[in-house]
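Listed below are the residues making up each chain.
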Amino acid sequence: METNDLKSKQSMPLTNWLMGEEGIIDAIDGSHRLAQRLREVGAVAGAPVRVLRTGCPVIIQVGTSRFCLRNVDAGCIRGRRAA
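These figures come from a predicted structure and were not determined experimentally. (Residues numbered from 1 in each chain as written. Predicted model: local features only at pLDDT ≥ 70, side-chain atom pairs only at ≥ 80, totals over all residues. Heavy atoms only, no water.)

Engineer: An account of the side chain of glutamine 61 is needed here, citing residue identities and associated values.
Structural biologist: Turning to its location among the elements, glutamine 61 is positioned in strand E4 (residues 58-62). Of the polar contacts made by the side chain of glutamine 61, one reaches the side chain of arginine 66; its length is 3.1 Å. Aside from chain neighbours lying at most four places away, what touches glutamine 61 is Pro48, Val49, Arg50, Leu52 and Arg66. (Helix = DSSP H or I, 4+ residues; strand = E, 2+ residues; numbered from the N terminus. Polar contact = N/O pair within 3.5 Å; in protein donor to acceptor, adjacent residues only side chain to side chain. Contact = heavy atoms within 4.5 Å.)

Here is the structure:
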């Protein structure tokens, strides 16, 4: 397996992604309240996600929606980067 393939298969917090990276959300690891709020904007397991800006705040795009998250909240979203 190539290093690039391995990288794309590992689930990791969005705070570890680079600007412009895209992938699929695997899970939300946070409080029930945070998970509920993220579900309301479409951030659910299986949804496509793209990191538009790193740092604080993190700006992500889920589907056609864009929103800002605190680093601590973005770190609760785990996903697999696209190859």
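So, next bit.
Engineer: How would you summarise the nonpolar core if you had to cite specific residues and measurements?
Structural biologist: One finds Ile60 and Val62 to be the most contacted residues of the largest nonpolar core, which totals 18 residues. Breaking this core down by element, the ones donating at least two residues are helix H2 (32-40), strand E3 (48-53), E4 and strand E5 (65-69). Here this core gets 3 residues from one element, more than from any other, and that element is E4. Sequence-distant contacts of valine 62, that is, excluding residues within four places in its chain, are made with Ile25, Gly42, Ala43, Ala47, Pro48, Val49 and Phe67. (Core = buried A, V, L, I, M, F, W, Y, C linked by side-chain atoms within 4.5 Å. Buried < 20%, exposed > 50% of the residue type's maximum accessible area, 1.4 Å probe, protein only.)

Engineer: Explain the pairing of strand E6 (residues 77-81) to me, and be specific about the residues and the numbers.
Structural biologist: For strand E1 (residues 11-13) and E6, the ladder comprises 3 bridges, and the chain directions are antiparallel. Paired with methionine 12 across the bridge in E6 is glycine 79. Relative to E6, strand E2 (residues 22-28) runs antiparallel, the two being bridged by 5 bridges. Residue pairing across strands places isoleucine 24 opposite arginine 80, the latter belonging to E6. (Pairing = 2+ DSSP bridges.)

Engineer: Any details on the pattern of salt bridges? Residues and values, ideally.
Structural biologist: Taken as a whole and assessed by the stated rule, the structure comprises 5 salt bridges. For arginine 81, the salt bridge identified is with glutamate 21, shortest N-O distance 3.1 Å. Of the two residues, arginine 81 is situated in strand E6 and glutamate 21 in the loop between E1 and E2; the sequence distance between them amounts to 60 residues. For arginine 81, a relative accessible area of 10% corresponds to the buried category. Here arginine 50 makes a salt bridge to glutamate 22, at a shortest N to O gap of 3.6 Å. Highlighted residues: arginine 50 in strand E3 and glutamate 22 in strand E2, separated in sequence by 28 residues. Taking the relative accessible area as the measure of exposure, arginine 50 reaches 34% and is therefore partly exposed. (Salt bridge = Lys/Arg side-chain N within 4 Å of Asp/Glu carboxyl O.)

That's the geometry; what it means functionally is another story.
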